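# Survey of secondary and tertiary structure
In case you want the letters, here they are:
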Amino acid sequence: DGEPDVLQAALREAREESGMQHFTVLPVRGVEGMPLDLDVHVIPAREHEPEHEHHDVRFLLRAEPGQDLVRSAESHDLRWFDLADLERVVDEESLLRLGRKVRAVLAGE
């Protein structure tokens, strides 16, 4: 999208899609600013866009307290839930994998 710094692009996306503005980037394996996950998936062809691969570089962010979620045009369903409930909320393997990685980082693994 033109932003060469993927962490800054991820923070911008988090702000745009959540309506929240303040996040702390959590270290992964003791490294500040290290991505937590990379997901590659196919985006089907659309009107003026051919089928292509999309790369999600995912970071572990903590939302600062006192901020409200604000649904945007990019966010069709936005809500908080406990990480323990992830398997009841989603069934997409890439998100389940992400949840496993979050649990491992938070457990200090």
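Here the structure is a predicted model, which is why all the values come from computation and not from measurement.

Now for the overall build of the chain. Check the secondary structure of the chain and you find three helices and four strands. Beginning at the N terminus, the succession of helices and strands in the chain can be written as α-β-β-β-β-α-α. When the 109 residues of the chain are sorted by exposure, 25% land in the buried category. Look at the contacts in the chain between residues 6 or more apart in sequence, and 50% of them connect residues 24 or more apart. Split by element, the accessible area of the chain, about 7900 Å² in all, is 52% carbon and sulfur. One finds the centroid of the 13 positive side-chain charges in the chain at a distance of 5 Å from the centroid of its 25 negative side-chain charges.

This next bit is on the layout of surface pockets. Empty space within the largest pocket amounts to approximately 2200 Å³. In this structure, the largest pocket is lined by 44 residues; those nearest its centre are Glu-17, Arg-58, Leu-78, Leu-95 and Leu-98. At the level of elements, helix H1 (6-18), strand S2 (37-43), strand S3 (52-58), strand S4 (61-63), helix H2 (86-89) and helix H3 (93-106) are the ones that each hand at least two residues to the lining of the largest pocket. Sort the elements by how many residues they give to the lining of the largest pocket and H1 lands first, with seven residues. Its residues assigned to classes, the lining of the largest pocket shows 23 nonpolar, nine polar and 12 charged.

Before going further, it helps to spend a moment on the environment of Val-31. One can find Val-31 in the loop between strand S1 (23-25) and S2. As a C-alpha pair, Val-31 and Arg-62 span 31 residues in sequence and 16 Å in three-dimensional space.

Its 14 residues give H3 an end-to-end C-alpha distance of 20 Å, which sits within 8% of 20 Å, the value for a rise of 1.5 Å per residue. Regarding H3, the residues found buried are Ser-94, Leu-96, Leu-98, Gly-99 and Val-102. Against S2, S3 and H2 lie the buried residues of H3. Taken from the residues just after H3, Gly-108 is the one with a positive phi, measuring 85°.

A few words on the environment of Glu-53. Topologically, Glu-53 is positioned in strand S3. Leave out the neighbours within four places in its chain, and Glu-53 touches Val-40, His-41 and Val-42.

So, on to the nonpolar core. Soluble globular proteins: nonpolar side chains tend toward being buried together. Leu-7, Ala-10, Leu-11, Ala-14, Met-20, Phe-23, Val-25 and Phe-59 together form the largest nonpolar core, which totals eight residues. Counting residues per element, the ones that place at least two in this core are H1 and S1. The biggest single contributor to this core is H1, with four residues. With residues up to four places along the chain from it excluded, the contact list for Ala-10 reads Val-57 and Phe-59. If you look at the next biggest cluster of nonpolar residues, it comprises six residues, including Leu-26, Leu-60, Leu-98 and Val-102.

What counts and what doesn't
- Residues numbered from 1 in each chain as written.
- Predicted model: local features only at pLDDT ≥ 70, side-chain atom pairs only at ≥ 80, totals over all residues.
- Heavy atoms only, no water.
- Helix = DSSP H or I, 4+ residues; strand = E, 2+ residues; numbered from the N terminus.
- Buried < 20%, exposed > 50% of the residue type's maximum accessible area, 1.4 Å probe, protein only.
- Contact = heavy atoms within 4.5 Å.
- Areas by Shrake-Rupley, 256 points an atom, 1.4 Å probe, with all protein chains shown as cover.
- Lys, Arg positive; Asp, Glu negative; His and termini not counted.
- Charge placed at Lys NZ, Arg CZ, Asp CG, Glu CD.
- 1 Å grid on protein atoms, 1.4 Å probe; cavity = no way out; pocket = protein on both sides within 12 Å on 5 of 7 lines; lining within 4 Å.
- Points joined across faces, edges and corners; volume = space filled by probe spheres on them.
- Nonpolar A, V, L, I, M, F, W, Y, C, P; charged D, E, K, R; others polar.
- Expected span 1.5 Å × (residues − 1).
- Core = buried A, V, L, I, M, F, W, Y, C linked by side-chain atoms within 4.5 Å.

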